[in-house]
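Here is how the chains run, residue by residue.
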Amino acid sequence: MQFTPEIEDRLTRLQEKYEAMGQDMVSYLDGLLHADFLTYWDYIHLDTLLSLQNPKTPFPDEEIFIIYHQITELYFKLMLHECTQITEAQPLTVDFFIVRLKRINRYFEALTQSFEIMVDGMEKDQFLKFRMSLLPASGFQSGQYRMIEIYATDFINLVARDKRDELNTATIEEQFEYIYWKFGATELSTGKKTLTLKQFEKKYAKQFIELGRANVSHNFYALYNRFKATAAATPQLETELKQLDINVNVNWPLSHYKSAVRYLHREPEEIKATGGTNWQKYLPPRFQKRIFYPSLWNAEEVENWGKGWVEKVLSE
C-alpha cells in the first residue's frame, strides 16, 4: 500500500509530536489499532444518564419533575462553561464577549420557553402529593444558578434591595450575609432560616464567596465598564447584556412564579413551597428590583421592572 502525501505528512508530524514528548509513536499507533470504534451511547454515557432518575413516590409525574430539573442543571452547566470562557479570556475582545453572551441568552431562552413542562406538564393533584416526599429539597438550592448570577454582575447588585446603599463598600463576606435569596428562604411564620437555606449555605457559602472575590474585576458588569471606559463598548454588547438581565431577572423567575401560582395558589391561604421559601415575595422581580446592569436602564424601566409580565400572568 502506498501512502498519499497527506498521510505521510500526518505521520511525520505525529512522529515529531511524540518524539518531543519522549514517547514512542508506534506504541500509540498500536493502541489506536486495538481500540474499539466509539459509539454514540458510550460517548455520552447514555445508559448512565438514563439511570439517574429515581422517584421517591409511585406517582408517574414525579419523573417529569426530576428529568426537567436535570435538564435545567445541564443548561446551567453550559452557561457556566461560557461564563468561564469570558472571564478567563486573555485578551478579552468585545466580539468574543458578545458571542458568548448570545450563547448564554439562547440557553436561558430555551429553558424559559420549555417551562410550560412545569406549568402544565404535571397533574396538580399528583404534584401536591409527591412534593411532600421531597422536603426540604428545593429548586432554590441550585448552586449553579447562583454562580451564574455572581459571574454576571457586581456582587452588590445581588444584595437585598434595602441594604445595597448601606453595604456598597462592604466586603464580599459582609455583602453575602444580605444576599437577596436568603430572604426568600425564611419561614413565613417566624422569619427564621429554613432547613433548606441552612443546607444550602453549608454546602455552597464558601464557594460563592470565593467566586465573588475572584470576579470583583472580572464579572460581566466590570468587564463592560472597562470596555466603556475606553470607548470600546458597542450597542450590540449592551443589547446582549440587557437581554441577559431580562432573561435571568425577569423571564426565568417569573416562569417559576407562574408555576407556583398554578400549583401552590389556594384560597384562603397559599400553599408553602417545598423548602418553605416565601415564593410570593421572592419570585416577582418588582419586589426585588434585582438588576445586573442598572446603568443600561432608564428610571421608568427600573420602576416598572417585571410589572407587565406579572400582570399578564395573573390575568391568565
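That block above? That's the structure.
Residues numbered from 1 in each chain as written. Predicted model: local features only at pLDDT ≥ 70, side-chain atom pairs only at ≥ 80, totals over all residues. Heavy atoms only, no water.

## A word on the overall build of the chain
Then, number 1: On a plain count of helices and strands, the chain comes out with 17 helices and 0 strands.
Then, number 2: In the chain, the proportion of contacts linking residues at least 24 apart, taken out of those at least 6 apart, comes to 72%.
Then, number 3: Approximately 18200 Å² of the chain is accessible, and the part contributed by carbon and sulfur atoms is 55%. (Helix = DSSP H or I, 4+ residues; strand = E, 2+ residues; numbered from the N terminus. Contact = heavy atoms within 4.5 Å. Areas by Shrake-Rupley, 256 points an atom, 1.4 Å probe, with all protein chains shown as cover.)

## Some thoughts on helix 9 (residues 143-152)
Then, number 1: Taken across its 10 residues, helix 9 has 10 buried, putting it largely inside the fold.
Then, number 2: The set of residues buried in helix 9 consists of Gly143, Gln144, Tyr145, Arg146, Met147, Ile148, Glu149, Ile150, Tyr151 and Ala152. (Buried < 20%, exposed > 50% of the residue type's maximum accessible area, 1.4 Å probe, protein only.)

## Examining the side chain of Thr72
Then, number 1: On the secondary structure map, Thr72 appears in helix 5 (residues 61-88).
Then, number 2: Not counting residues up to four positions away in its chain, the partners in contact with Thr72 are Leu111 and Trp252.

## A look at the nonpolar core
Then, number 1: Formed by 65 residues in total, the largest nonpolar core has its most connected members in Phe97, Phe108 and Phe220.
Then, number 2: Among residues more than four places away in sequence, those in contact with Phe108 are Phe76, Met79, Tyr145, Ile148, Leu244, Asn247, Val248 and Trp252. (Core = buried A, V, L, I, M, F, W, Y, C linked by side-chain atoms within 4.5 Å.)

## Some details on the layout of surface pockets
Then, number 1: Each pocket or cavity is described by its volume, and for the second largest pocket that value is around 210 Å³.
Then, number 2: For the second largest pocket, the full set of lining residues is Ile156, Asn157, Arg161, Arg164, Asp165, Asn168, Lys289, Ile291, Pro294 and Val302.
Then, number 3: The class makeup of the residues in the lining of the second largest pocket is 4 nonpolar, 2 polar and 4 charged. (1 Å grid on protein atoms, 1.4 Å probe; cavity = no way out; pocket = protein on both sides within 12 Å on 5 of 7 lines; lining within 4 Å. Points joined across faces, edges and corners; volume = space filled by probe spheres on them. Nonpolar A, V, L, I, M, F, W, Y, C, P; charged D, E, K, R; others polar.)

## A few points about the environment of Ile156
Then, number 1: Residue position: Ile156 is located in the loop between helix 9 and helix 10 (172-176).
Then, number 2: Measuring from C-alpha to C-alpha, the distance between Ile156 and Tyr178 comes to 9.5 Å, with 22 residues separating the pair along the chain.
Then, number 3: When near neighbours in sequence (up to four residues on either side) are disregarded, Ile156 contacts Arg164, Leu167, Asn168 and Gln175.

## As for the environment of Gln15
Then, number 1: Within the element layout of this structure, Gln15 appears in helix 1 (residues 5-20).
Then, number 2: Given a relative accessible area of 30%, Gln15 falls into the partly exposed group.
Then, number 3: Residues Gln15 and Val26, 11 residues apart in the sequence, show an inter-C-alpha distance of 8.9 Å.

## Details of the packing of aromatic side chains
Then, number 1: Counting across every chain of the model gives 26 aromatic pairs.
Then, number 2: A ring pair is formed by Tyr68 and Phe115, whose centres lie 5.7 Å apart and whose planes are at 80°; its orientation type is edge-to-face. A residue pair is termed long-range when its members are at least 10 positions apart, and Tyr68 in helix 5 and Phe115 in the loop between helix 6 (94-113) and helix 7 (116-120) qualify at 47 residues.
Then, number 3: By relative accessible area, which is 6% here, Phe115 ends up buried.
Then, number 4: Residues Phe76 and Phe108 carry aromatic rings whose centres are separated by 6.2 Å and whose planes lie at 50° to one another, so their mutual orientation is tilted. With Phe76 in helix 5 and Phe108 in helix 6, this pair connects stretches of sequence that are 32 residues apart.
Then, number 5: Judged by relative accessible area, which is 2%, Phe76 ranks as buried.
Then, number 6: Judged by relative accessible area, which is 0%, Phe108 ranks as buried.
Then, number 7: Following the ring pairs from residue to residue traces out a cluster consisting of Tyr68, Phe76, Phe108, Phe115, Tyr145 and Trp252.
Then, number 8: Of note, Arg146 hangs over the ring of Phe140, and the distance from its end group to the ring centre comes to 5.1 Å. (Phe/Tyr/Trp six-rings, centres within 6.5 Å; stacked < 30°, edge-to-face > 60°. Lys NZ or Arg CZ within 6 Å of the ring centre and 35° of its normal.)

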